[in-house]
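The primary structure of each chain is shown beneath.
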Amino acid sequence: ITLGLGCEIASANSGDDSEVLFFPRFKFESQIKDNLTLFANVAGGVYVDRYMANPYLVSEAVAPLSKRYALQAGLAGNSRKFRYSVGVEYEMLKDYAAYINVVNDNFLCNGFGYITDDVDVIKGRAEIDWRISDKVSFQSGILFRSASSSNFSDALYMPAYEASVAVKYNSKKFQTRVKCN
């Protein structure tokens, strides 16, 4: 059994306002069989908005971050040729910024504005890594996602699923990876 306990400390600065934020961290792993591990994690942290550099935003006062809390649980295993994992995650985003289309009649243009809300996200994930030989491996994964918000539904853009497939070639001189999402 492996246990971990800690916290993340972050500073949120917005103009003249600033606050120090504390987020819990907890990690649990237990080997059920030789090649099968049960895991659970609780984590918190700051989610930095990746749209901050968007030049089409109308508002100058975009919130730079959201507070994130997540609970994960699942199984992971491996053998000589395969590595795999399945799991679920509940994620709570506080003050999440979503983008809406804003039409400005004064300048005859449109752009993006933003609104914030608390968002609950439930994810299911499955991944497999198949080692075909010492040099070639095949990786595949799928993520299912369901998100809900109390104030906005149209502005919330989170795809319902994501899939990825990759082939990796590794030699002593170089490593190459081809990936499709």
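Keep in mind the model is a prediction, meaning the values are calculated, not measured.

Comments concerning the overall build of the protein chain
Part 1 of the argument: The number of helices and strands found in the protein chain is 0 helices and 9 strands.
Part 2 of the argument: The helix and strand sequence of the protein chain, counted from the amino end, reads β-β-β-β-β-β-β-β-β.
Part 3 of the argument: Split into buried and exposed, the 181 residues of the protein chain put 24% on the buried side.
Part 4 of the argument: As displayed, the protein chain offers around 12,500 Å² of accessible surface, 56% of which is attributable to carbon and sulfur atoms.

Overview of the confidence of the model for the protein chain
Regions with low pLDDT carry predicted coordinates that are not meant to be interpreted in detail.
Part 1 of the argument: Here the protein chain averages 78 in pLDDT, while 69% of its residues score no lower than 70.
Part 2 of the argument: Within the protein chain, no element has a lower average pLDDT than strand 9 (residues 175-180), which sits at 64, and none a higher one than strand 7 (residues 136-149), at 87.
Part 3 of the argument: The low-confidence segment residues 51-55 (pLDDT under 50) makes 6 contacts with residues lying over four places distant or belonging to another chain.

Remarks on the pattern of salt bridges
Part 1 of the argument: For the structure on display, the rule yields 8 salt bridges.
Part 2 of the argument: Salt-bridge contacts for glutamate 29 lead to lysine 27; the nearest nitrogen and oxygen are separated by 3.7 Å.
Part 3 of the argument: For lysine 27, a relative accessible area of 39% puts it in the partly exposed group.
Part 4 of the argument: A salt bridge links glutamate 127 to arginine 125; the nearest nitrogen and oxygen atoms lie 3.9 Å apart.
Part 5 of the argument: Its relative accessible area of 38% is what places glutamate 127 among the partly exposed residues.

Considering the packing of aromatic side chains
Part 1 of the argument: Counted by the stated rule, this structure contains 2 aromatic pairs.
Part 2 of the argument: Where phenylalanine 23 meets tyrosine 69, the ring centres are 5.6 Å apart and the plane angle is 55°; that geometry is what we call tilted. Pair noted here: phenylalanine 23 is in strand 2 (residues 17-33) and tyrosine 69 is in strand 4 (residues 65-78), with a separation of 46 residues, a long-range link.
Part 3 of the argument: Owing to a relative accessible area of 28%, tyrosine 69 belongs among the partly exposed residues under this scheme.

Considering a nonpolar patch on the surface
Part 1 of the argument: Together, Ile1, Leu3, Leu5, Phe26, Val42, Leu71, Tyr90 and Ile122 make up an exposed nonpolar region whose accessible area comes to about 860 Å².
Part 2 of the argument: Assignment of secondary structure puts phenylalanine 26 in strand 2.
Part 3 of the argument: Here phenylalanine 26 falls in the partly exposed class, since its relative accessible area comes to 36%.

Concerning the environment of glutamate 91
Part 1 of the argument: One can find glutamate 91 in strand 5 (residues 82-104).
Part 2 of the argument: Taking the C-alpha atoms as reference points, glutamate 91 and glutamine 72, 19 residues apart in sequence, are found 8.5 Å from one another.
Part 3 of the argument: Among the polar contacts made by the side chain of glutamate 91, one reaches the side chain of lysine 123 at a distance of 3.3 Å.

Quick notes on the side chain of lysine 123
Part 1 of the argument: Of note, lysine 123 is situated in strand 6 (residues 109-131).
Part 2 of the argument: When residues no more than four places from it in sequence are discounted, the contact partners of lysine 123 are Gly87, Val88, Glu89, Glu91, Leu143, Phe144 and Arg145.

Quick word on the side chain of glutamate 89
Part 1 of the argument: Residue position: glutamate 89 is located in strand 5.
Part 2 of the argument: Side chain to side chain, glutamate 89 and glutamine 72 meet in a polar contact 3.3 Å long.
Part 3 of the argument: Leaving out residues up to four positions away in the same chain, glutamate 89 has contacts with Arg68, Ala70, Leu71, Gln72, Val121, Ile122, Lys123 and Arg125.

The rules behind these values
Residues numbered from 1 in each chain as written. Predicted model: local features only at pLDDT ≥ 70, side-chain atom pairs only at ≥ 80, totals over all residues. Heavy atoms only, no water. Helix = DSSP H or I, 4+ residues; strand = E, 2+ residues; numbered from the N terminus. Buried < 20%, exposed > 50% of the residue type's maximum accessible area, 1.4 Å probe, protein only. Areas by Shrake-Rupley, 256 points an atom, 1.4 Å probe, with all protein chains shown as cover. pLDDT = per-residue confidence, 0-100. Contact = heavy atoms within 4.5 Å. Salt bridge = Lys/Arg side-chain N within 4 Å of Asp/Glu carboxyl O. Phe/Tyr/Trp six-rings, centres within 6.5 Å; stacked < 30°, edge-to-face > 60°. Patch = residues over 30% accessible without salt bridge, like charges linked within 9 Å, V, L, I, M, F, W, Y side chains within 5 Å. Polar contact = N/O pair within 3.5 Å; in protein donor to acceptor, adjacent residues only side chain to side chain.

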